[in-house]
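Survey of secondary and tertiary structure
Now for the letters of each chain:
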Protein chains: 2
Amino acid sequence: MIKDNLALYLVTDRGLSLGRDLETVVMQAVRGGVTLVQLREKSIDTREFIALGLRLKAALAGSGVPLLINDRVDVALAVDADGVHIGQSDMPYEMARRLLGPDKIIGLSVETMDEVRQANDLDVDYVAVSPVFATHTKTDTLTPFGYEGLERACELTRHPVCCIGGMNADTVGRAIACGSDGAAVVSAIVSAPDPYIASKNLKMIIDNELDKRRLG
Amino acid sequence: MIKDNLALYLVTDRGLSLGRDLETVVMQAVRGGVTLVQLREKSIDTREFIALGLRLKAALAGSGVPLLINDRVDVALAVDADGVHIGQSDMPYEMARRLLGPDKIIGLSVETMDEVRQANDLDVDYVAVSPVFATHTKTDTLTPFGYEGLERACELTRHPVCCIGGMNADTVGRAIACGSDGAAVVSAIVSAPDPYIASKNLKMIIDNELDKRRLG
């Protein structure tokens, strides 16, 4: 994976997708500029999770957009996804790396400054600073980083960074300006009236900020 | 795995264990004669599932009793368990075999006579005829096989058979007499006042019936 894949990172949520089909929403978002997709499913049978993963993988084939699976290394292996995204309650990183091999992408959520520090000892492909702002997507009660915390996390980590939690058209620009390499978005895309337009708009804002950084 | 490992098959359920520690209950049951252990957990974080699996594996080391993991191939791989038990909503058998390799045990639940037939096309290590009787352990609403159905399933399958659902001291003898190679037990062991005594009693009944079969 390259850092550029983090720019606009879509995390799926079928419950928030207004009844629309998973692949439809994802592919509209990809056409709009999404650079990475994570299939996140909770409370679903393993067989159904695998079936969804295979459908998304087929839909994304040839798009150049990698597919990650949330938490489930077995599902990632079964569908030959590009990698997994793991949280602090999921499989420990070293075990996941051993099972997935050196070439798969493994991203890790970091929810405190201590976890940002600890992740510097791991060879994860990226860290997801989570949450920047409190949301209804996560039921966990975590202290949000805010922009200041995100900026410190970006300074502290040796890894590529994306950030998640309250990312939408009003917040992604500032989040990138804090040093994040990208923003992970759930409802601002999957619940948007038009996921293509929403993604296109978010991508434009993010690319603008990334350009400013490159030009110094 | 050999057929003998199916004789008295313990499926764990922490919620039914009367607040007692998982390893304590399992090791009492193993001393009482349990021949196979399946760690079954629903609604648990992957990290906690792995931690439980590692603890049980350490407790069982040297006992000769294999440890299977319910559903989760990733957890089985992470803890290097002896295999998995999969249901019809879990990972399809062929995928699980590919991920686990030829030497791990894979058992499959069969819940209808059609599924018994279909399993004859797979190289599973055993089938679990489920349920013989309705129980509160499973929330699914399946038609129980009953003794007659179990007998027909045993005739129909080419695999070693265990049976599950309502197995206790009153039922295991007759279930073995129907042709099953063993009985999988949940509450009759984990909810027993003394899991050691309960297992010892069940094992005696089962061994008696298996001896009758061997002696023709």
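Here, the structure is the one placed above.
This report concerns the structure included in the present document. Every value quoted in this text rests on a predicted model; they were computed, and no experiment measured them.

We now examine the relation of the copies chain B and chain A. Superposing chain B onto chain A requires a rotation of 180° together with a translation of 0.0 Å along the rotation axis, leaving an RMSD of 0.0 Å. What the superposition gives is, in effect, a two-fold axis relating one chain to the other. Among all residues of chain B, the minimum C-alpha distance to the rotation axis is found for B:Asp74, at 2.3 Å. A symmetric contact is evident, with 100% of the interface residues of chain B recurring at the interface of chain A.

Bringing helix H2 (residues 46-60) of chain B into the picture now. Taking 1.5 Å as the rise per residue, H2(B) with 15 residues should run 21 Å; its terminal C-alpha atoms sit 21 Å apart, in good agreement. What H2(B) keeps buried is the set B:Thr46, B:Phe49, B:Ile50, B:Leu52, B:Gly53, B:Leu56 and B:Leu60. Buried residues along H2(B) cover an arc of 160° about the axis, so they all sit on one side. If you follow the buried residues of H2(B), they end up packed against helix H4 (93-100) of chain A together with helix H1 (22-32), strand S2 (36-39), strand S3 (67-70) and helix H3 (73-79) of chain B. Immediately beyond the C-terminal end of H2(B), within one or two residues, lies B:Gly62, with a positive phi of roughly 85°.

This next bit is on the nonpolar core. With 157 residues, the main nonpolar core has A:Tyr9, A:Val26, A:Val37, B:Tyr9, B:Val26 and B:Val37 as its most contacted residues. Setting aside its immediate chain neighbours within four residues, A:Tyr9 contacts A:Thr35, A:Leu36, A:Val37, A:Gln38, A:Leu68, A:His85, A:Tyr126, A:Cys162, A:Ala183, A:Ala184 and A:Val185.

The subject of this paragraph is the interface of chain B and chain A. In this assembly, 20 residues from chain B lie in contact with 20 residues from chain A. Buried surface at the junction of chain B and chain A, both sides included, amounts to about 1,700 Å², of which 57% is carbon and sulfur. Considering only the surface of chain B that becomes buried against chain A, B:Arg47, B:Asp74 and B:Ser89 emerge as the three largest contributors, covering 30% of it. Our count for the chain B to chain A interface comes out at two salt bridges. Across the contact surface, chain B and chain A share ten residue pairs in polar contact (both at pLDDT 80 or more). At the level of elements, H2, H3 and helix H4 (93-100) of chain B are the ones that each hand at least two residues to the side of chain B that touches chain A.

The next point concerns the packing of helix H1 (residues 22-32) of chain A against helix H9 (residues 195-215) of chain A. Residues and elements named next belong to chain A. The interhelical angle for the contact between H1 and H9, taken along N-to-C directions, is 35°, at an axis separation of 7 Å. Handedness of the crossing formed by H1 with H9: right-handed. Along the contact surface, H1 presents Val25, Gln28, Ala29, Arg31 and Gly32, while H9 presents Pro195, Tyr196, Ser199, Lys200 and Lys203. Looking at side-chain class alone, the contact of H1 with H9 contains four nonpolar, three polar and three charged residues.

With that settled, consider the pairing of strand S1 (residues 8-11) of chain B. All names here are of chain B. Across the two faces of S1 the burial is the same, with Leu8 and Leu10 and Tyr9 and Val11 all buried. Bridge count between S1 and strand S8 (residues 182-185): three bridges; the pairing is parallel. Considered in S8, the bridge of Leu8 is made with Ala183. Relative to S2, S1 runs parallel, the two sharing three bridges. Following the sheet pairing, Leu10 is matched in S2 by Val37.

Looking now at the side chain of A:Asp13. Residues and elements named next belong to chain A. Examined against the element boundaries, Asp13 turns out to sit in the loop between strand S1 (8-11) and H1. Despite its burial, Asp13 pairs with no opposite charge, the nearest such side chain being Arg40 at 4.9 Å. Here the side chain of Asp13 touches Gly15 through a polar contact of 3.0 Å, landing on its backbone nitrogen.

Turning to the sheet that holds S2(B), a few remarks are in order. Residue and element names in this part refer to chain B. Taken together, the eight strands give a closed barrel; going around it, the order is S1-S2-S3-S4-S5-S6-S7-S8, and neighbouring strands pair in parallel fashion. Neighbouring strand axes in the sheet, compared pairwise and without regard to direction, differ in orientation by 25° on average. The sheet contact formed by S3 and strand S4 (residues 83-86) spans three bridges and is parallel. From the neighbouring strand, Ile69 faces S4, where its bridge partner is Val84.

What links the strands of a sheet is backbone hydrogen bonding, and the strands pair in either a parallel or an antiparallel sense. Residue and element names in this part refer to chain A. Taken in spatial order, the eight strands line up as S1-S2-S3-S4-S5-S6-S7-S8 and close into a barrel, and their pairing is parallel. With direction set aside, neighbouring strand axes in the sheet form an average angle of 25°. Where strand S7 (residues 161-164) meets strand S8 (residues 182-185), three bridges bridge the pair, whose relative direction is parallel. Each bridged residue has a counterpart across the sheet, and for Cys162 the counterpart in S8 is Gly182. Against the sheet, H4 engages strand S4 (83-86) and strand S5 (105-110), with an angle of about 165° to S5.

The next point concerns the pairing of strand S3 (residues 67-70) of chain A. All names here are of chain A. Side chains of S3 alternate between two faces, with Leu67 and Ile69 and Leu68 and Asn70 buried alike. Two strands pair when backbone bridges link them, and strand S2 (residues 36-39) and S3 are joined in this way by three bridges, in the parallel orientation. Looking at S3, one finds that Val37 is bridged to Leu67. Traced from S2 through helix H2 (residues 46-60) to S3, the parallel crossover comes out right-handed. You can see the chain leave S3, run along helix H3 (residues 73-79) and come back into S4, and the turn it takes is right-handed.

Calculation notes
- Residues numbered from 1 in each chain as written.
- Chains lettered and ligands numbered in written order.
- Predicted model: local features only at pLDDT ≥ 70, side-chain atom pairs only at ≥ 80, totals over all residues.
- Heavy atoms only, no water.
- Least-squares fit on C-alpha atoms with pLDDT ≥ 70 in both.
- Contact = heavy atoms within 4.5 Å.
- Helix = DSSP H or I, 4+ residues; strand = E, 2+ residues; numbered from the N terminus.
- Expected span 1.5 Å × (residues − 1).
- Buried < 20%, exposed > 50% of the residue type's maximum accessible area, 1.4 Å probe, protein only.
- Arc of directions from axis to C-beta.
- Core = buried A, V, L, I, M, F, W, Y, C linked by side-chain atoms within 4.5 Å.
- Buried area = accessible area lost by both parts, 1.4 Å probe.
- Salt bridge = Lys/Arg side-chain N within 4 Å of Asp/Glu carboxyl O.
- Polar contact = N/O pair within 3.5 Å; in protein donor to acceptor, adjacent residues only side chain to side chain.
- Axes fitted to C-alpha atoms, helices over the stretch in contact; angles between N-to-C directions.
- Left-handed = near helix turned anticlockwise from the far one by under 90°.
- Nonpolar A, V, L, I, M, F, W, Y, C, P; charged D, E, K, R; others polar.
- Pairing = 2+ DSSP bridges.
- Lys, Arg positive; Asp, Glu negative; His and termini not counted.
- Right-handed = clockwise from strand over helix to strand, strands pointing away.

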